[in-house]
Amino acid sequence: MRPERRALRTLGLVLAALAALVVPAQGWAADEAPAGAPTSVATSGATNVPADAATGLPAPTQTVSPSPTSTAEPTEPAEGPVDVEDAVLRWGMSNEANNAAFAQGTFNFFSAGKIADPGKGNVKLTAAGWKQQQGAVRIEKWNGTAYRAATWAGLGTDRDGVTIPGPGSGRFSDHQFVFAGGTGSVDREAGTAHVAWTGDVTVLFYSGYTFFYLSDPVLDVADGKGALRATLSGYGSTRANPDVWTAIPAKTVTVADLPAVDLGDLAGFSATPAYDAVTTTLDGVSTTGSFPQSYVSFMNDLGTAPFWMNSGSATDVAKRALPVTVSYDASQPVETPEPPAHTPAPDVENEAPEPPESRTVTVTRTVTVTAPAAAAAATVPVAGSAPHASGPGVQLMARTAASPAEHDSAWAWWLGGGLLLLAALVLAGSALIPIPASRPLA
C-alpha cells in the first residue's frame, strides 16, 4: 500500500476511535448520581427582609417603652351584669399567619386598618402602605419577654430578630393584632358576656399577593362557651389565575369558636379556639382540623381556604388557631400567654436509592457517505454486534445506568457524528489514490 493511502487510512481509523470515545463519555457524568436521588442546593441563610420603601434598607427597629399598668387588684363587682368600656382583644390567629411564605422573600403578617386596594393580585405591600396602628387597632410583636409595637423590619423575623428562613423552619414572627376600646357587659353569675370592638385589621399572605379585611369583632359567651365573630371582606383570586381580582361582598362569620371560657377571672380570660376536632366541608370534601365552617367558606371564595385548614401541606401544624385573649379593662389587663416556643423543623433523613445494575447496550449507528464517482460508497458501522460492512468497523459499548434519553447530550452526539463523517471521508478519499500496477495490493 502506498504511504499516502496508508496515512489517510490510519487517520480515518484514529478519527473513528475519537468519535467512539466522545459519544459514550457524555453519559458518565449523569450516571454519577442515581436517578431519583435528592439534589442538594446550597442557599444563603439570609432571605429578603422587608425594606424601607424610600431607602431600600431595613427599617430601623423602634424602641417602645412599655405602657404603664396599674398594680391595683380589681375590686369585686356587684352581682349581675357589669359594664365594660375599654376592653382589649388580642389574637395572633395562627402561626401560619406569622410565617414565611413559599414565594421567596414574602411573608404572612398583619397591618392595622385597611390597606389600599392594589387593583390586582400578586402585588407586594410596601413599607409606605403598612401601618402599625390605626384608630383603636395596633400590631404588636413578642420580643421574648413582652409584646411591643411591631415594626416593618420585624414582620419577616422571629422573636430574636433572625430572618425566618422558610415556611417549614418552625420559626414564626409572633405578632398579634390588638383591638382596644371594646364595650359591652360581663355577667359572671349568669356566665354570659357580650363585648364589641370597632376597627379593621388587614391579614396579608405572601406579603400582600392575597389579603382580606377583618372588621368590628364581637365576642359572645354563654354556658362556658364563646364565639368570636367579625365582618370579613376582600378580593377573590386564585393561584392558577392570579390576574383574577374580584371584590367579595362583606359577610359576618364566626372566626373562632371557644369551647371553654372561664369568666371567673375579674381581669379577663384567654381561650384556645377549637381546631383539631373541627370538620369543615368544601365542594363536597370534608376535612378535619380547621377554622370554623363559615370562616373557611368565605376564605374559599377568596381562594385561600387551604391557609386555614389541614390540607396535607408540610405547614399544617402551623395552621392551628392560637389563643384569644380578652381583657375587660385596658388599665388592668389579664396576663397574655406567651406564644408557643419555636421548634426547629425535624431533620429529614432520605436514603438515596441504590443505583440500577449496569448493563451493556449495543448501539448501532451507520453513516453513509457518497464519494466521487471513482470511489465506492463507504459505510462506517458503529457496532460490534453487527457484521462489518465494506470499510472498517469500530465497536462502541455504551454504559447506561438509566434510559439513554436521560443521559443524552446533544453536543457529544454532534461531535462524535462529525468525527465519524470525517473518518468516512478520509477513508473514502484514500480509495482514490492510484496503486501502481507493478506493486501488489497491501
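Quick caveat: nothing in here was measured; it's all calculated off a predicted structure.

**Details of a negative patch on the surface**
Okay, so step 1: Judged by side-chain charge, D83, E85, D86 and D329 come together as a negatively charged surface patch.
Okay, so step 2: Topologically, D329 is positioned in the loop between β15 (324-327) and β16 (359-362).

**Things to note about the nonpolar core**
Okay, so step 1: Ranked by size, the top nonpolar core spans 70 residues in total, and within it W91, M93, L214, Y295 and W308 carry the most contacts.
Okay, so step 2: Sort the elements by how many residues they give to this core and strand β9 (residues 210-222) lands first, with six residues.
Okay, so step 3: In contact with W91, other than residues within four places in its own chain, are F110, Q176, F177, L228, V255, A256, P273, F291, L322, P323 and V324.

**A closer look at helix α2 (residues 293-302)**
Okay, so step 1: Looking only at α2, the buried set comprises Y295, V296, F298, M299 and L302. The buried residues of α2 all sit within an arc of 160° when viewed along its axis, so they share a single face.
Okay, so step 2: As for α2, its buried residues are in contact with β9, β10 (225-236), β11 (246-258) and β13 (279-282).
Okay, so step 3: Two residues or fewer after α2 comes G303, characterised by a positive phi angle close to 90°.

**Here's the deal with the pairing of β9**
Okay, so step 1: Bridge analysis of strand β7 (residues 192-196) against β9 gives four bridges, and the strand direction is antiparallel. Looking at β9, one finds that A196 is bridged to V218.
Okay, so step 2: Two elements, strand β8 (residues 200-205) and β9, share six bridges in a ladder whose sense is antiparallel. When the sheet's bridge partners are listed, T202 is paired in β9 with Y213.
Okay, so step 3: Counted between consecutive antiparallel strands, the loop separating β8 from β9 contains four residues, among which Y206 sits at a positive phi close to 55°.
Okay, so step 4: Judged from the nine bridges that link them, β9 and β10 form a sheet pairing that is antiparallel. Residue pairing for β10: D220 is matched across the bridge by A227.

**Quick notes on the pattern of salt bridges**
Where charged atoms from two side chains of opposite charge approach closely, those side chains can pair.
Okay, so step 1: A full pass over the atoms with the stated rule returns seven salt bridges.
Okay, so step 2: One salt bridge connects D220 with R229, and the closest N-O pair in it is separated by 3.8 Å.
Okay, so step 3: Its relative accessible area of 27% is what places D220 among the partly exposed residues.
Okay, so step 4: It is possible to trace a salt-bridge network through shared partners that takes in R90, R138 and E140.

**Some details on the packing of aromatic side chains**
Okay, so step 1: For the coordinates displayed, the defined rule picks out 22 aromatic pairs.
Okay, so step 2: Measuring from centroid to centroid gives 5.6 Å for F211 and Y213, while their planes differ by 55°, and the two rings are tilted.
Okay, so step 3: Overall, the relative accessible area of 6% leaves Y213 in the buried class.
Okay, so step 4: Summarising the aromatic geometry, the rings of F291 and W308 are spaced 5.1 Å apart at their centres and angled 75° between planes, so their arrangement reads as edge-to-face. On the criterion of sequence distance, the pair formed by F291 in the loop between β14 (285-288) and α2 and W308 in the loop between α2 and β15 is long-range, its members being 17 residues apart.

**A look at the environment of A97**
Okay, so step 1: Its place among the elements puts A97 in the loop between β1 (82-91) and β2 (109-112).
Okay, so step 2: Between the alpha carbons of A97 and F172 there is a distance of 8.7 Å; along the sequence they are 75 residues apart.
Okay, so step 3: Each residue touching A97, except ones within four places of it in the same chain, is listed here: G92, N108, F109, F110, F205 and W308.

**Thoughts on the confidence of the model for the protein chain**
Okay, so step 1: Per-residue confidence for the protein chain gives a mean pLDDT of 75, with 60% of residues at or over 70.
Okay, so step 2: Ignoring residues within four places in sequence, the model shows residues 347-410, a span with pLDDT below 50, making 91 contacts including any to other chains.
Okay, so step 3: Of the regions scoring below 50 in pLDDT, residues 435-442 engages in seven contacts with residues more than four places distant in sequence or in other chains.

Analysis parameters
Residues numbered from 1 in each chain as written. Predicted model: local features only at pLDDT ≥ 70, side-chain atom pairs only at ≥ 80, totals over all residues. Heavy atoms only, no water. Patch = residues over 30% accessible without salt bridge, like charges linked within 9 Å, V, L, I, M, F, W, Y side chains within 5 Å. Areas by Shrake-Rupley, 256 points an atom, 1.4 Å probe, with all protein chains shown as cover. Salt bridge = Lys/Arg side-chain N within 4 Å of Asp/Glu carboxyl O. Lys, Arg positive; Asp, Glu negative; His and termini not counted. Charge placed at Lys NZ, Arg CZ, Asp CG, Glu CD. Helix = DSSP H or I, 4+ residues; strand = E, 2+ residues; numbered from the N terminus. Core = buried A, V, L, I, M, F, W, Y, C linked by side-chain atoms within 4.5 Å. Buried < 20%, exposed > 50% of the residue type's maximum accessible area, 1.4 Å probe, protein only. Contact = heavy atoms within 4.5 Å. Arc of directions from axis to C-beta. Pairing = 2+ DSSP bridges. Phe/Tyr/Trp six-rings, centres within 6.5 Å; stacked < 30°, edge-to-face > 60°. pLDDT = per-residue confidence, 0-100.

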